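Spelled out from the first residue to the last, the chains are:
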Amino acid sequence: MAGITSIGAYLPIYRLNREEIGKVWGGRGGSGAKAVAGYDEDTVTMAVAAAIDCLNRGGADTDGLLLATTSAPYREKMSAAMMATAVDFKEESQAADFTDSLRAGTAALKAAYDAVKAGSAKSVMVVAADTRLGAAKGALEQTLGDGAAALMIGNDKVIAEIENSYSLFNDFTDIWRTDEDKFPRSAEGRFIDEVGYLPMMQSVIEGLLKKSKLKISDFESIVYYASDARQHAALAKRLKLDKAQVQDPLYADIGNTGTAAVFLMLAAALEKVKANDRILFVGYGDGADAFILRATDEIKKFQKTPVISHQIDGKINITYGQYLTWRGLVPIEASTLPERSAISLQSRWRERKTIMALVGVRCKKCGTPQMNQLGQTVRVCVKCQTKDQFEPYKFSDKKAKLFTYSVDQLMPTLNPPGVNGVVDFEGGGRLIVEFTDCDANKMKVDMPMEMTFRKMFTSRGIHNYFWKAKPVE
Amino acid sequence: MDGIKNKVAIVGMGCSKFGERWDKGVEDLIVEAAFEAFEDAGIGPKDIQAAWVGTVFSGVSAITLSPLQLQYIPMTRVENMCATGSEAMRAASYAVAAGICDVALAVGVEKLKDSGSTGVKGPSIVGDNQDGSSGIGPGYSAPASFAYLATRYFHDFGIKPEEGKRLLAQIAVKNHHNGSLNPKAHFQNELTIDQVVNAPIIAWPLGLYDCCGVSDGASVAVITRADIAKNFRPDPIYIKALQITVGARQGAMMQDYDFTHMEENVRGSKLAYAEAGIKNPRKELSCAEVHDCFSIHEMIVYEDLGFSPRGRAREDIEAGTFTLKGELPVNTDGGLKCFGHPLGASGLRMMYEVYKQLQGKAGPRQVKNPRLGLTHNLGGNAGTGVCSCNIVGNEK
């Protein structure tokens, strides 16, 4: 039976404590923290990280990639296609964005499940990622967090079967953004709860239980979306759920991560369930999608390494000032250093595999792996000078070691000081790169590094991505 | 293949004042340096039969030389990163040596301060971040790319960063002392070790005074046949070697490169010594102008060019080997450190100093009994570069 064959999660390492937000605005911040995408991260980079995590845990060759988000970097240009290139999926995969609603994630899951069940795809990856911004001083600024999750749907080595599903749509205006809004707007809370959220969730769950002839007590784990912890608790109370059944929404520690939220909760639930446990899984937004999942014997093997629990606590607490500058919410002083040149879409297209997937070449004659240099694709082997005898060679997944570095006060970055240097890849090859998610004072020659897909800069309406190196945790 | 040795000579040189020349344009810098060179050679613009101008950012085509009003002669603009000025001289010298012309002009000019920014427009390796490229590569600065050498040199030779910084500081102090004796230098102030060590960090472990300045300048040479050089002046300076050695990113792509030397420097200097017939550069050279864009690079150059044994530049720095009164004075005019680095001008500015030294006209900076001098540029950065290595002498 079709189901989830792997799940991956990605949370940025940065946390903004709600107390820190409160301090700035003179009120009491809430407790806990929200996960904040790094200065060089966005929906697509986090989605790539989650997808890679999912693949590393046992993803198969996949026929499709569905990306769900309400915060895509482009209003018109497919994020899933960028992602699929970065993750190096085969070109004949189906890629699509699911967007414009918080329910985009479960909508994509339903589509993936239907495709696999119908046999039109062997396996499909569903990724959900969001970096939604709340307006300053508002409730959403406190609650919204950033994160990404990826599920692989397939038939082989299923860890949780999808037994049944049930969907309802609802034209209900509880949270929305026009095409010109930077921040979501929301309706009055009581109206949302009493007319929208609570009755909708109750209807979809009751509908699914009726359809599958199950009772709420048949579920060991119940995973569902809510806009915040209070609303989450209100539904548990209305449905008289047993505390032991309810999966913590993680909102206190990372915030509400939008389309990713319910998948990240599911990842947490899958770390705990036993074989044959049933999970009730419900996504919400302009209606609701409810699923019945059932863990298989494969779950035990999968549980050997944590998916999300080790990422819940961040590594670096940032200031509100950092948050504002990283998200471009305040104008900052322009650098007096020379500006970067505008990029050429033509050469960027020619070099798309190099730039997006960090694919270089290996010489078939002497075996030397070599990274294409930007602006200069390898044609003649750097080692043996043989022409055009190469096979593609991916560096993004190779372990690396720091060879040398500098803490660079002149590097343009929203998180100074810049740190950059040289990494040597296990198996050969070398690259001069920027470092990220690192402590400038703790860099050391020979420290283990890994590659991570990041946003470099935006110029003339083009978001430019490339790979950086970060210390291995 | 017998090389350039003793085929051509420099019979006139000029060098503008280097610095923040806010009130002067590229044309002013060129005229200032060129007319000094004409006067030095005892000729006028009409005597020039061909010209090469080297500039990276300050002009396209040899029409850059139009301020000189040379009348319909063959002229070409050349560019080879930090070796651009030396490249102009190489072109002029080769044309004279080939017998195509008898009097050629080599001009190097750069007006960096018109960019309106505090640095050189960055990453300058072909393809990286140039207009019309994919331009998405890492945004490391030039100081950082040389700091990689310091980090790795300190690591491999067991030098603690604090010790390393004091060691490099001695290079800046030496060059500033030399610059203080040179009215054409951008910076003419002395520095102390503590000032250097305590300066703000630019790219760890390099601080402000480990980095050369940013300035405007021009320098010019008049090249002629060696056999007629004495018709122009009694003390022509003969060219013994002109070498350009260009990397192909081997160091940036392959793990066997150690980031404690520059292979281009090693290869380029070996070729130059062979061309000039030099066996022991430390003993035979009277002075050297080397590419001290960053202090660590001057230190590495001591080893790459065979002045110090590998890994032992430290001992020579501490012994004062490269000071004005030392065994082999290096950067006697103050170097890039005090002149700044207007890219196209630097190579010929270095040659201007060696030319004056070999003629015994270097004033308070004069080295004793000069015979042979070397100039050296390194463009690019650790991992791949363009090295220029040139040797001249005052005897044929």
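Residues numbered from 1 in each chain as written. Chains lettered and ligands numbered in written order. Predicted model: local features only at pLDDT ≥ 70, side-chain atom pairs only at ≥ 80, totals over all residues. Heavy atoms only, no water.

## Considering the overall build of chain B
Scanning chain B from terminus to terminus reveals twelve helices and eleven strands. Each principal axis of the C-alpha distribution contributes one length, and for chain B these read about 55 × 50 × 40 Å. Split into buried and exposed, the 396 residues of chain B put 66% on the buried side. A separation of at least 24 residues holds for 77% of the contacts in chain B among residues at least 6 apart in sequence. Carbon and sulfur atoms provide 54% of the accessible area of chain B, an area that totals close to 13,600 Å². Distance from the positive charge centre (39 side chains) to the negative charge centre (44 side chains) of chain B: 4 Å. (Helix = DSSP H or I, 4+ residues; strand = E, 2+ residues; numbered from the N terminus. Buried < 20%, exposed > 50% of the residue type's maximum accessible area, 1.4 Å probe, protein only. Contact = heavy atoms within 4.5 Å. Areas by Shrake-Rupley, 256 points an atom, 1.4 Å probe, with all protein chains shown as cover. Lys, Arg positive; Asp, Glu negative; His and termini not counted. Charge placed at Lys NZ, Arg CZ, Asp CG, Glu CD.)

## Details of empty space enclosed by the protein
Residues and elements named next belong to chain A. Evaluation of the coordinates by the stated rule reveals two cavities of 30 Å³ or more. Here the second largest cavity defines a volume of roughly 40 Å³. Residue lining of the second largest cavity: Leu-102, Gly-105, Thr-106, Tyr-225, Gly-258, Thr-259, Val-262, Phe-263, Gly-283 and Tyr-284, and that is the complete set. (1 Å grid on protein atoms, 1.4 Å probe; cavity = no way out; pocket = protein on both sides within 12 Å on 5 of 7 lines; lining within 4 Å. Points joined across faces, edges and corners; volume = space filled by probe spheres on them.)

## Observations concerning the pairing of strand β22 (residues 462-471) of chain A
In terms of residue burial, β22(A) counts as a mostly covered element, since nine of its ten residues are buried. Hairpin connection, strand β21 (residues 448-459) of chain A to β22(A): the antiparallel pair is bridged by two residues, and Arg460(A) has positive phi, about 50 degrees. (Pairing = 2+ DSSP bridges.)

## Comments concerning the pattern of salt bridges
Under the definition given, this model contains 59 salt bridges over all chains. As a salt-bridge pair, Asp53(A) and Arg57(A) come within 3.1 Å of each other at their nearest N and O atoms. In this structure, Lys7(B) and Asp2(B) form a salt bridge, with 2.9 Å as the shortest nitrogen-oxygen distance. With a relative accessible area of 60%, Asp2(B) lands in the exposed category. (Salt bridge = Lys/Arg side-chain N within 4 Å of Asp/Glu carboxyl O.)

## As for the sheet that holds strand β7 (residues 146-154) of chain A
Residue and element names in this part refer to chain A. If you walk across this open sheet you meet the nine strands as β5-β4-β6-β7-β1-β8-β13-β12-β11, and the pairing is mixed. Either end of the sheet is taken by a strand with one partner, and the two such strands are β5 (94-99) and β11 (221-224). Taking the axes of each pair of neighbouring strands and ignoring which way they run, one obtains an average angle of 25 degrees across the sheet. As defined by bridge partners, strand β4 (residues 64-69) adjoins β5 across six bridges and the pair is classed as parallel. Across the sheet, residue Leu-65 finds its bridge partner in β5, namely Ala-95. Sitting on the sheet, helix α2 (residues 43-56) touches β1 (3-10), β4, β6 (123-131) and β7, and the angle it makes with β7 is about 40 degrees. Along the sheet face, helix α9 (residues 261-270) touches β1, β6, β7, β8 (160-169), β11, β12 (278-284) and β13 (287-295) and points at about 165 degrees away from the line of β11. (Axes fitted to C-alpha atoms, helices over the stretch in contact; angles between N-to-C directions.)

## With respect to the domain arrangement of chain B
All names here are of chain B. Splitting chain B by domain gives domain 1 (8-115 + 216-236) and domain 2 (142-213 + 239-393). Its C-alpha centre places domain 1 at a distance of 24 Å from the equivalent point of domain 2. Of the residues lining the interface, 46 residues belong to domain 1; the matching set on domain 2 comes to 33 residues. Of the roughly 3,000 Å² buried between domain 1 and domain 2 on both sides combined, carbon and sulfur atoms contribute 66%. Considering only the side of domain 1, the residues that lose the most area to domain 2 are Met-13, Phe-18 and Cys-82, jointly responsible for 22% of the buried surface there. Taken together, the connections running from domain 1 to domain 2 amount to two salt bridges. A salt bridge links Lys-361 to Asp-235; the shortest N-O distance between them is 3.5 Å. Our enumeration of links across domain 1 and domain 2 arrives at 18 residue pairs in polar contact (both at pLDDT 80 or more). For the side of domain 1 that touches domain 2, the elements supplying multiple residues, two or more each, are β1 (8-15), α1 (26-41), α2 (84-97), β4 (103-111) and β7 (216-225). Tallied by class, the residues present in the side of domain 1 that touches domain 2 amount to 22 nonpolar, 14 polar and ten charged. (Domains from an automatic or database assignment. Buried area = accessible area lost by both parts, 1.4 Å probe. Polar contact = N/O pair within 3.5 Å; in protein donor to acceptor, adjacent residues only side chain to side chain. Nonpolar A, V, L, I, M, F, W, Y, C, P; charged D, E, K, R; others polar.)

## Re unusual backbone geometry
Note that the residue after Pro416(A), namely Pro417(A), is joined by a cis bond; omega there is 0 degrees. Of the consecutive residues Trp204(B) and Pro205(B), the connecting peptide bond is found in the cis state with omega at 5 degrees. Of note, Pro205(B) is situated in the loop between β5 (201-204) and β6 (206-207). Residue Lys240(A) is not a glycine yet carries a positive backbone phi of 50 degrees. Mapped onto the elements of the fold, Lys240(A) is located in the loop between α7 (229-238) and α8 (251-254).

## Notes on the environment of Leu280(A)
Residue and element names in this part refer to chain A. Within the fold, Leu-280 resides in strand β12. Relative accessible area serves as the criterion here: at 0%, Leu-280 is assigned to the buried category. With 131 residues separating them along the chain, Leu-280 and Met-411 place their C-alpha atoms 49 Å apart. With near-sequence residues (within four places) excluded, Leu-280 lies in contact with Ile-205, Leu-208, Ile-216, Phe-219, Ser-221, Ile-222, Val-223 and Phe-291.

## Digging into the packing of aromatic side chains
Residues and elements named next belong to chain A. By the definition in use, this model includes 23 aromatic pairs over all chains. When the ring of Phe-453 is compared with that of Tyr-465, the centres are 5.3 Å apart and the planes differ by 10 degrees; the resulting orientation is stacked. Placement of Phe-453 in strand β21 and of Tyr-465 in strand β22 is noted, with a sequence separation of twelve residues between them. Judged on exposure class, the residue Phe-453 and its partner Tyr-465 are both buried. (Phe/Tyr/Trp six-rings, centres within 6.5 Å; stacked < 30°, edge-to-face > 60°.)

## Quick look at the sheet that holds strand β16 (residues 369-370) of chain A
The sheet built from three strands is open, its strands ordered β16-β15-β17 (chain A) with antiparallel pairing. A single partner strand is all that each edge strand has here, and the edge strands are β16 and β17 (390-394) of chain A.

## So, the pairing of strand β20 (residues 430-435) of chain A
Within a regular beta strand, the side chains point alternately toward one face of the sheet and then the other, so they alternate between its two faces. All names here are of chain A. In terms of burial, β20 is a largely internal element, six of the six residues being buried. Taken together, the six bridges between strand β19 (residues 418-425) and β20 define a ladder with antiparallel strand orientation. Considered in β20, the bridge of Asp-424 is made with Arg-430.

## Thoughts on the environment of Val330(A)
Here Val330(A) is to be found in the loop between α11 (320-326) and α12 (345-350). Beyond its immediate stretch of four places on either side in the chain, Val330(A) contacts Leu324(A) and Thr325(A).

## Things to note about the packing of helix α6 (residues 189-212) of chain A against α7(A)
Packed helices, taken two at a time, are described by the angle between their axes plus the distance between the axes. Residue and element names in this part refer to chain A. Contact pair α6 / α7: the axes reach a minimum separation of 11 Å and the direction vectors enclose 55 degrees. Classified by the angle between their axes, α6 and α7 sit oblique to one another. Pair α6 / α7 crosses with right-handed handedness. Counted together, Ile-192, Asp-193, Glu-194, Tyr-197, Leu-198, Pro-199, Met-201 and Gln-202 of α6 and Arg-230, Gln-231, Ala-234, Leu-235 and Arg-238 of α7 form the full contact between these two elements. (Parallel < 35°, antiparallel > 145°, perpendicular 65-115°, else oblique. Left-handed = near helix turned anticlockwise from the far one by under 90°.)

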